[in-house]
Amino acid sequence: MTDIIFKDNGPILVTGEFILKDTENGEFDVAGRTTIGLCRCGASENKPFCDGAHKRCDFESAVKARQLAPPAK
Ligand code: FES
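Residues numbered from 1 in each chain as written. Predicted model: local features only at pLDDT ≥ 70, side-chain atom pairs only at ≥ 80, totals over all residues. Heavy atoms only, no water.

Participant: Got a minute to help me understand the overall build of the protein chain in this structure?
Facilitator: Counting secondary structure elements, the protein chain contains 1 helix and 3 strands. Listing the helices and strands of the protein chain from first to last along the sequence gives β-β-β-α. Along the longest, intermediate and shortest principal axes, the C-alpha atoms of the protein chain span 35 × 35 × 25 Å. In the protein chain, buried positions account for 25% of the 73 residues. Across the protein chain, contacts joining residues at least 24 apart in sequence account for 31% of those joining residues at least 6 apart. Summed over its atoms, the accessible surface of the protein chain is roughly 5,900 Å², and 50% of this surface lies on carbon and sulfur atoms. The distance from the centre of the 10 positive side-chain charges to the centre of the 11 negative ones in the protein chain is 7 Å. (Helix = DSSP H or I, 4+ residues; strand = E, 2+ residues; numbered from the N terminus. Buried < 20%, exposed > 50% of the residue type's maximum accessible area, 1.4 Å probe, protein only. Contact = heavy atoms within 4.5 Å. Areas by Shrake-Rupley, 256 points an atom, 1.4 Å probe, with all protein chains shown as cover. Lys, Arg positive; Asp, Glu negative; His and termini not counted. Charge placed at Lys NZ, Arg CZ, Asp CG, Glu CD.)

Dropping the structure here:
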């Protein structure tokens, strides 16, 4: 099971079993981590990972779970 959690004013946490890949199918070596924070503020100097920069740039985004419209056909 993998959970993807949008932290208020912060990163996307991925927890559980996951594989992170780049666009060439290369896998990140996450050194056994079972939780990782992905930057969504754009300010990290270690993208795609969160380095705490969201606090310094006053990133604001709080999302609530909701139902999406069906995908376009
Ligand atoms: S979300 Fe943490 S550095 Fe961007």
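Participant: Sorry if this is basic, but what is going on with unusual backbone geometry here?
Facilitator: Peptide bonds are, in most cases, trans, and in most cases residues other than glycine have a negative phi. Looking along the chain, the bond that leaves Lys-47 and enters Pro-48 is cis, with omega of 10 degrees. Position of Pro-48 relative to the elements: it lies in the loop between strand E3 (35–38) and helix H1 (53–56). Phi at Asn-9 is positive, roughly 60 degrees, even though this residue is not glycine. Inspection of the secondary structure assignment puts Asn-9 in the loop between strand E1 (2–6) and strand E2 (12–16).

Participant: Explain a nonpolar patch on the surface here, please?
Facilitator: A contiguous nonpolar surface patch, about 260 Å² in accessible area, is contributed by Ile-4, Phe-6 and Val-63. By the element assignment, Phe-6 lies in strand E1. (Patch = residues over 30% accessible without salt bridge, like charges linked within 9 Å, V, L, I, M, F, W, Y side chains within 5 Å. Salt bridge = Lys/Arg side-chain N within 4 Å of Asp/Glu carboxyl O.)

Participant: Would you mind showing me how to read the sheet that holds E3 here?
Facilitator: Across a sheet, strands are paired by hydrogen bonds formed along the backbone, either parallel or antiparallel in direction. With antiparallel pairing, 3 strands are arranged side by side in an open sheet as E1-E2-E3. The sheet is open, and its two borders are formed by E1 and E3, each paired with just one other strand. Here the average twist between neighbouring strands, direction ignored, is 20 degrees. Here E2 runs beside E3; their pairing, made up of 4 bridges, is antiparallel. Following the sheet pairing, Ile-12 is matched in E3 by Leu-38. (Pairing = 2+ DSSP bridges. Axes fitted to C-alpha atoms, helices over the stretch in contact; angles between N-to-C directions.)

Participant: Mind showing me how you'd approach the nonpolar core here?
Facilitator: Side chains of nonpolar character tend, in soluble globular proteins, to be buried together. Of all hydrophobic cores here, the largest spans 8 residues; its members are Ile-12, Val-14, Phe-18, Leu-20, Val-30, Ile-36, Leu-38 and Phe-49. Of all the elements in the fold, those that place two or more residues in this core are E2 and E3. (Core = buried A, V, L, I, M, F, W, Y, C linked by side-chain atoms within 4.5 Å.)

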